[in-house]
Amino acid sequence: MPFRISRPYEFFFYVSGSPDLKFEVIGGRAMHKTCSYGVFLSALLLCVFALLPAAPLEARPASWFDEQAAAGAPGSPKIRVDLSEQLAYFYKGGKLVGVSRVSSGRSGFRTPRGNFRVLSKKTRHRSSQFGMYVDRDTHRVVRADVERDKDPRPPGTYYRGAKMNYFIRFHRGVGFHASGSVPDRPASHGCVRMPPDMARKFYRHAPIGTRVTVTR
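Each value, and the rule that gives it
- Residues numbered from 1 in each chain as written.
- Predicted model: local features only at pLDDT ≥ 70, side-chain atom pairs only at ≥ 80, totals over all residues.
- Heavy atoms only, no water.
- Phe/Tyr/Trp six-rings, centres within 6.5 Å; stacked < 30°, edge-to-face > 60°.
- Helix = DSSP H or I, 4+ residues; strand = E, 2+ residues; numbered from the N terminus.
- Buried < 20%, exposed > 50% of the residue type's maximum accessible area, 1.4 Å probe, protein only.
- Core = buried A, V, L, I, M, F, W, Y, C linked by side-chain atoms within 4.5 Å.
- Contact = heavy atoms within 4.5 Å.

K.L.:
Could you clarify how one ought to interpret the packing of aromatic side chains in this entry?
P.N.:
In this structure the tally under the stated criterion is eight aromatic pairs. Measuring from ring centre to ring centre gives 5.2 Å for Phe90 and Phe202, while their planes differ by 85 degrees; the resulting arrangement is edge-to-face. Of this pair, Phe90 sits in strand 7 (residues 87-92) while Phe202 sits in helix 3 (residues 196-205); the two residues are 112 residues apart in sequence, bridging distant segments of the chain. Using a relative accessible area of 0% as the deciding quantity, one classes Phe202 as buried. Measuring from ring centre to ring centre gives 5.5 Å for Phe116 and Phe170, while their planes differ by 45 degrees; the resulting arrangement is tilted.

This is the structure we're talking about:
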């Protein structure tokens, strides 16, 4: 729908595909030549809406969990993690009953791929390897994001492991756990981070022995 400005407050408006539908707007008033004022407003609104930015699309589907289906559906539970999607899928007897966004291991700490089973569970858990050094007197964090075996402990501090509540271990020290930081990318030291509300639901419905599959 092209238009041509000839001078301030005066321009000619043409409806695309209909060169005979011409409007002359002078001083803010539309003076139609061959069609109605209503058609002019409709065409003008189309121009305005065409210039509006499109609504952003969600990068990943929202997390959801059907606890009634997880508890009542027949069959065994299974968890599948797709590292490329950064999503975890919970199945009960072959039926999908929940999906959670996750954040897996970053470069240098990749989450292992393969077929596993839940080995143990712990509602309140702290990492024995990754955490922070805290001042003994003030209990303030002196150094965060440390690896206990590699980063020397400053004098006057003690080690405090990172919180890993609702921990579901499925391979060595690797497992699912609740986290307040679940970005749309791999960011952990190898574990599979989940939003706290989803971690609680996966924990509740995944008994020891539950199959876990991690794929790329």
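Resuming the write-up.
K.L.:
I would appreciate a short explanation of the nonpolar core in the present structure.
P.N.:
Across soluble globular proteins, nonpolar side chains show a tendency to be buried alongside one another. Grouped together as the largest cluster of nonpolar side chains are 26 residues, with contacts concentrated most on Ile79, Phe170, Phe176, Met194, Phe202 and Val212. Taken together, the elements giving at least two residues each to this core come down to helix 2 (67-72), strand 6 (77-82), strand 7, strand 14 (167-171), strand 15 (174-178), strand 16 (192-194), helix 3 and strand 17 (211-215). The greatest single-element share of this core, amounting to four residues, is contributed by helix 3. Apart from residues lying up to four places away in sequence, Ile79 is in contact with Tyr89, Phe90, Phe176, Phe202, Ala206, Thr210, Arg211, Val212 and Thr213.

K.L.:
Before we go on, may I ask you to explain unusual backbone geometry in this structure?
P.N.:
In terms of backbone geometry, most residues other than glycine have negative phi values and most peptide bonds are trans. For Gln86, which is not a glycine, the phi torsion comes out positive at approximately 55 degrees. With respect to the element layout, Gln86 can be found in the loop between strand 6 and strand 7. With a phi close to 55 degrees, Tyr166 is a non-glycine residue in the positive phi region. Tracing the chain through its elements places Tyr166 in the loop between strand 13 (157-163) and strand 14. Judged by its relative accessible area of 23%, Tyr166 is partly exposed.

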